[in-house]
Each structure stands twice: as structure tokens, then as C-alpha cells.
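Spelled out from the first residue to the last, the chains are:
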Amino acid sequence: MGTLKTALRLAAVTALTTTLSLAANAAVLQPNQQLPAQQVTEFKNTPPLLLQRYPQAGAKMISYVRDLAGTDPTTLAALVELLTNPDVTREQRSAILAGLAQVSRLALRSDPNYASEIQQAVNATNNSDISAAYQAATGDVALGIGGTGGGGGGGSGTGGSTGNTGIAVGGSNSGATTFGGLHYSNTGTSSTSGSVGGTSSGAVSRTR
């Protein structure tokens, strides 16, 4: 019964993110920052290989997730599905969330709808720990989801460049755009047990 519920939840997430990707089909990253098409295709063909490629997670996995979602928004569905993959570790889940959080920061500048869609897709996992960890990973971005607190604070962010991409994520969020309610109600999450673990959307290197 539990397996059936998991399958149905993953199917719902896939359907949601596939629909959302129709509205957000432009890359967030600049052409010289994007991953080669072959790498994107390889991921889309076999998403779980990402977990095998980065068994220890870490900064390189964060960077790769960011580059995947920033290069091709249609990878979002597969990335979110990995969050509930039975083989994903706590560290890998945190890395995926941190990478998505970096993309959402970038999208706020060029495609706020995509930033909202990333949050909605994460919330569609119906896992309060995952949603809370994603909110924490976005740091000083105003999320518009309640319950876990501190989402719209004026923190110092993660500042600095992400290496060869030249992407700065973080810094002051004065006048930050709230993207939580563009396409859906701000229902938010009510609890976190800490099982997902801390996530970091700090500056990382493009080196892989």
C-alpha cells in the first residue's frame, strides 16, 4: 500500500512539473554558462545516475543540479522526483534542494514564474521536511510560504561568485520579489523534524 501511495505521489509530481515546464521553458543561465546538451539529455534519460555520480553529494552536486535546472527547466520534474527516491541519501537530498534554491534566486531576476514553479514542485512532494529544507536553502529570498518561519528575512545571503559561471547568489534581499503565490495558494508547511538536514545554497565551483 505504501509503495502504491509513493508511486501515485511521484506521478502527481511528474504531471505537475511537466505542466509547469510548458510555461517556463527558457534557460535561466546564459548560453556560455549552460551545460552541454548531451549532459542534459543523459540526465533526462536516466535521472538516478545523478545519485551514483555524486554519492557523497557536496558542492559539486549542488553546482550540477543548479546547472541542470538552470540550463533546461524541463529537468525540474526529474530532479524533484529524486527527492523522494528510495536510494537518495540525506546529503544528496540536501544538495538537490540547495541547487534548486540557487536556480530560484537566479530566476527571480529573469523569470519569476519559474522560481514559483520550482517552489510549487517541491511542495507537491507533500513532505513537510523537504518543503521546510527548501525554504531554509533559499535563505534570504522572500518565499511567501508560512509555517516554518524566517522565509522573508533580510539575511546577508550567500554572496559571491559561483566560480566559472560568474553567477552571484545571495547578498541583500532589499525589495526581493515574493514568488510563493503566483500560481497557487500560500498553504506552506507546518512542521520540520530535521530529517532532511541542513542545506546550503552558498557559492560553489563549476568544476566537476
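Residues numbered from 1 in each chain as written. Predicted model: local features only at pLDDT ≥ 70, side-chain atom pairs only at ≥ 80, totals over all residues. Heavy atoms only, no water.

> What exactly am I supposed to notice about the overall build of the protein here?
Across its full length, the protein carries 8 helices and 0 strands. For the protein, the succession of helices and strands along the chain, N to C, is α-α-α-α-α-α-α-α. Sequence separation of 24 or more characterises 77% of the internal contacts of the protein that already satisfy a separation of 6 or more. Summing over all exposed atoms, the protein offers an accessible surface of approximately 9000 Å²; the carbon and sulfur share of this is 52%. (Helix = DSSP H or I, 4+ residues; strand = E, 2+ residues; numbered from the N terminus. Contact = heavy atoms within 4.5 Å. Areas by Shrake-Rupley, 256 points an atom, 1.4 Å probe, with all protein chains shown as cover.)

> Looking at this model, I keep getting lost on helix 6 (residues 90-110). Mind explaining?
Each α-helix turn comprises 3.6 residues. Residues three or four places apart therefore point the same way. Between the first and last C-alpha of helix 6 there are 31 Å, a value that for 21 residues agrees with the 30 Å anticipated at 1.5 Å per step. Across the 21 residues of helix 6, 17 count as buried, placing the element largely inside the fold. (Expected span 1.5 Å × (residues − 1). Buried < 20%, exposed > 50% of the residue type's maximum accessible area, 1.4 Å probe, protein only.)

> Would you take a moment to explain the pattern of salt bridges for this structure?
Two side chains bearing opposite charge may form a pair once their charged atoms approach each other closely. On inspection of all chains with the given rule, the structure shows 2 salt bridges. Put simply, Asp-72 and Lys-44 hold a salt bridge, and the shortest N to O gap is 3.2 Å. Highlighted residues: Asp-72 in the loop between helix 4 (58-71) and helix 5 (76-82) and Lys-44 in helix 2 (residues 37-45), separated in sequence by 28 residues. For Asp-72, a relative accessible area of 18% corresponds to the buried category. Owing to a relative accessible area of 39%, Lys-44 belongs among the partly exposed residues under this scheme. The closest approach of N and O atoms between Asp-67 and Arg-66, which form a salt bridge, is 3.0 Å. Residue Asp-67 is classed as buried on the basis of its relative accessible area of 0%. (Salt bridge = Lys/Arg side-chain N within 4 Å of Asp/Glu carboxyl O.)

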